[in-house]
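Structural overview for review
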Amino acid sequence: MNEQIMRKRSWSATIFLIIIIVITYLSAYITNFNFFQGMATVPAAIGWIVSNLFITQESLEQLPAILTQLTETIFMSIAATTTAAVVSIFLGLMGSKTTKVNGFLSGLARLIASASRNIPVVAWALILLLSFGQNSVTGYLALFVGTVGFLTRAFIESIDEASQSSVEALTATGATYFQIVSKAVVPQSLPQMISWILFMIETNIRSATLVGILTGTGIGYIFDLYYKTMDYNTVALITCSIVIAVIIIELMSNSIRKVIL
Amino acid sequence: MEAISMSTYIKRKKDGRIQIKSGSKAERVIRWTIVLFFVLTVMAFTLFDYGQLKIMSAIVETVNNLKIMFLQPALSHFSWGEAFYQVGVTLGLAVLATVLGAVIAIFLALMAATNLSNEWISKTVRILVAFGRAVPTVLWVLIFAIAAGLGSEAAVLGMLFHSVAYLVKAFSEAFEEVDAGIIEALRATGSSWWHIVRHAVLPSTFTYLLSWTFLRFEINFSVAVAMGAAAGAGGIGFELFMASGFYFDLSEVGFITYAILMIAIVLELLSTRLKNRFFAASAVE
């Protein structure tokens, strides 16, 4: 590396940095964000959190109700993820380069995946809320649609990665499409797929809270309720229960992942 | 003959047939996980609170709604200019959360990387980050909204937690993959820790950091939309929430959805390009 290249590099790094700073400054201007004010509120916010968000005896009385809502939310995200995974396997097989049936179906699968992934879960929740009303099915469907998009993309990648040579080998022996898929493609990419499903369950429990606030179901609804009535001790309890649930599920799925991958 | 068949160990089933499947632990775990998924899903559907749901009419209605949304998108409560501005606000929130998050994450990741820091600091940072990640973003934003007042400050600070947690994980993994030889060589010349970071670690991982940051930006955009809708943080998400929840104006919902979809797809194309350029190249090396 000679001096000229070095100089050119540091030059382009400087330009890059300036562009980032300009964009950041513009964003701050548009959103009315004051960096120093923002930083100044952090200590105050932490002070507020410490002095208001603690669990009291009174809030503990709400625990059974919170736990029912929490289990509903967890079940909702698991059901949404697993049913979406079943759909995504088919879309993934259609979309993958090695196992696609024809170009049209492959393009269609990718289109469905792209649209459902890129429209945020919030938008789906709001759209479905209009006709499905406030119940678990709305939340379930919103999560389901978003998950299909994400899992299809992930499955396409893991199928592509896992199965090129084995598909070629089986095609050479004259195996049918169904045999190739069930004997080579699915078994090889299954660990990867399960890992993605586990990841998606973790993510969905967090999104379920958000969807719940909008659709009035599960833990999100109960959080919103106590938040709006300014019962912050119960809010703290709900937040704690979510954190514990998420961490437990993360630990469980990490240990499964460690064995299968 | 006898000796040969004795020496090769062949697993047989009870009826004497040769067992083809090895039945390793991984396979067993996979099977049980699938069974568990199945059982939990069935349980979930029986536990759902169906409320007043009439499934057939709801489906028909949704199809109708979707038709109006996607076939007749229109603006009625605000102008094109304002729509652009609101999209800009959402993008701005995402930029701020990503840039600030990346800066904070670099320092925390240096502390979390096992090859650059000591065991205790690394563990502490990792636990803190895991906690920050476990709380859903919307709860952070809402909590900050009461503590710091509603506005972009609360939204950005709330979104920071997840961005930082996500990026620290990605960055520290990248730092840990830096060639140990380079670090050792620099250490042997008597370079300080900061010197090593500046001249060896950051330059060799820079493209990784950049791609990860951009991937996070893509995620932060949809998070910013969500924060607008659920926490009133403003931007296009808030307009979406108003259009569907207050005005029941489906054409406008359609327009907003198209706008979000368009930006998200542009961002995705950009990030795939970045990923192919940097990740694929570095994988080959």
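Conventions used here
Residues numbered from 1 in each chain as written. Chains lettered and ligands numbered in written order. Predicted model: local features only at pLDDT ≥ 70, side-chain atom pairs only at ≥ 80, totals over all residues. Heavy atoms only, no water. Helix = DSSP H or I, 4+ residues; strand = E, 2+ residues; numbered from the N terminus. Rg over C-alpha atoms; globule rule 2.2 N^0.38 Å. Buried < 20%, exposed > 50% of the residue type's maximum accessible area, 1.4 Å probe, protein only. Contact = heavy atoms within 4.5 Å. Areas by Shrake-Rupley, 256 points an atom, 1.4 Å probe, with all protein chains shown as cover. UniProt positions renumbered as here; feature names shortened; annotations may be inferred. Patch = residues over 30% accessible without salt bridge, like charges linked within 9 Å, V, L, I, M, F, W, Y side chains within 5 Å. Salt bridge = Lys/Arg side-chain N within 4 Å of Asp/Glu carboxyl O. Lys, Arg positive; Asp, Glu negative; His and termini not counted. Charge placed at Lys NZ, Arg CZ, Asp CG, Glu CD. Axes fitted to C-alpha atoms, helices over the stretch in contact; angles between N-to-C directions. Parallel < 35°, antiparallel > 145°, perpendicular 65-115°, else oblique. Expected span 1.5 Å × (residues − 1). Bend = angle between axes of the 7 residues up to and from the residue. Buried area = accessible area lost by both parts, 1.4 Å probe. Phe/Tyr/Trp six-rings, centres within 6.5 Å; stacked < 30°, edge-to-face > 60°. Lys NZ or Arg CZ within 6 Å of the ring centre and 35° of its normal.

1. Topic: the overall build of chain B
For chain B, the count of helices and strands is 11 helices and zero strands. In chain B, the succession of α and β elements from N to C terminus is α-α-α-α-α-α-α-α-α-α-α. Expected size for 285 residues packed as a compact globule is a radius of gyration near 19 Å; at 26 Å, chain B overshoots this value by more than 25%. Taken along the three principal axes of its C-alpha coordinates, chain B extends 85 × 70 × 35 Å. When burial is assessed residue by residue, chain B has 45% of its 285 residues classed as buried. By sequence separation, contacts in chain B at least 24 residues apart represent 73% of the contacts at least 6 residues apart. Carbon and sulfur atoms form 68% of the exposed surface of chain B, whose accessible area is close to 15,400 Å².

2. Thoughts on the UniProt feature "transmembrane region" (unreviewed entry) in chain B
All names here are of chain B. Feature annotation in UniProt places "transmembrane region" (unreviewed entry) on residues 29-48, 83-113, 125-150, 196-215, 222-247 and 253-270, given in this structure's numbering. When the span residues 29-48 is considered, its composition is 95% helix and 0% strand, and the gap between its end C-alpha atoms is 28 Å. Taken end to end, residues 253-270 is 100% helix and 0% strand, and its two terminal C-alpha atoms sit 26 Å from one another.

3. Section: a positive patch on the surface
All names here are of chain B. Where like charges cluster on the molecular surface, the positive patch consists of Lys11, Lys25, Arg28 and Arg31. Structurally, Lys11 can be placed in the loop between α1 (2-7) and α2 (25-47). Classification of Lys11 as partly exposed rests on a relative accessible area of 40%.

4. Details of the packing of helix α6 (residues 121-132) of chain A against helix α10 (residues 236-245) of chain B
Each packed pair of helices is defined by two parameters, the angle between the axes and the distance between the axes. Two elements in contact, α6(A) and α10(B), have axes whose closest approach is 10 Å; the angle formed by their N-to-C orientations is 5°. If you check the angle between α6(A) and α10(B), you find them roughly parallel. Contacts between α6(A) and α10(B) involve A:Ala123, A:Leu126 and A:Leu130 from the former and B:Leu240, B:Phe241 and B:Ser244 from the latter.

5. Re the side chain of B:Thr62
With respect to the helices and strands, the residue B:Thr62 is situated in helix α3 (residues 55-71). When neighbours within four sequence positions are excluded, B:Thr62 is seen to be in contact with A:Leu128, A:Ser131 and A:Phe132.

6. Considering helix α8 (residues 177-215) of chain A
Residue and element names in this part refer to chain A. If you check α8, its first and last C-alpha atoms are just 43 Å apart, much less than what 39 residues at 1.5 Å a residue would give, namely 57 Å. Remark: the principal bend of α8, roughly 50°, maps to Leu190, with a proline, Pro191, within the next four residues. At the exit of α8 stands Gly216, carrying a positive phi of roughly 65°.

7. Digging into the interface of chain A and chain B
Listed as interface residues are 72 residues of chain A and, on the opposing side, 76 residues of chain B. Here chain A meets chain B over a buried area of about 6,400 Å², counting both sides, of which 81% is carbon and sulfur. On the chain A side of the contact with chain B, A:Phe33, A:Phe75 and A:Leu130 bury the most area, a combined 10% of that side's loss. Here chain A is connected to chain B by two salt bridges.

8. A few points about the pattern of salt bridges
Under the definition given, this model contains eight salt bridges over all chains. Of the charged contacts in the structure, one is a salt bridge between A:Glu250 and B:Arg133, with a shortest N-O distance of 2.7 Å. You can see A:Glu250 sitting in helix α10 (residues 232-260) and its partner B:Arg133 sitting in helix α5 (residues 119-134), one on each of two chains. Put simply, B:Arg126 and B:Glu176 hold a salt bridge, and the shortest N to O gap is 2.9 Å. Of this pair, B:Arg126 sits in helix α5 while B:Glu176 sits in helix α7 (residues 152-176), and the two are 50 residues apart along the sequence. Classification of B:Arg126 by relative accessible area gives partly exposed; the value is 40%. Since its relative accessible area comes to 30%, B:Glu176 is described here as partly exposed.

9. Comments concerning the packing of aromatic side chains
Aromatic ring pairs are described here by two measures, namely the spacing of the ring centres and the angle between the planes. Counted under the stated rule, the structure contains 16 aromatic pairs over all chains. Plain terms: the ring middles of B:Trp80 and B:Phe84 are 6.3 Å apart, the flat faces sit at 40° to each other, and that makes the pair tilted. Taken together, the residues B:Trp80 and B:Phe84, both in helix α4 (residues 80-112) and four residues apart, mark about one turn of the helix. Overall, the relative accessible area of 57% leaves B:Trp80 in the exposed class. Relative to B:Phe255, the ring of B:Trp80 lies with its centre 5.1 Å away and its plane at 85°, an arrangement referred to as edge-to-face. On the criterion of sequence distance, the pair formed by B:Trp80 in helix α4 and B:Phe255 in helix α11 (residues 250-284) is long-range, its members being 175 residues apart. Site record: aromatic cluster; members linked through ring pairs are A:Tyr140, A:Phe144 and B:Phe45. Over the aromatic face of B:Tyr166 sits the side chain of B:Arg216, whose NZ or CZ is 4.8 Å from the ring centroid.

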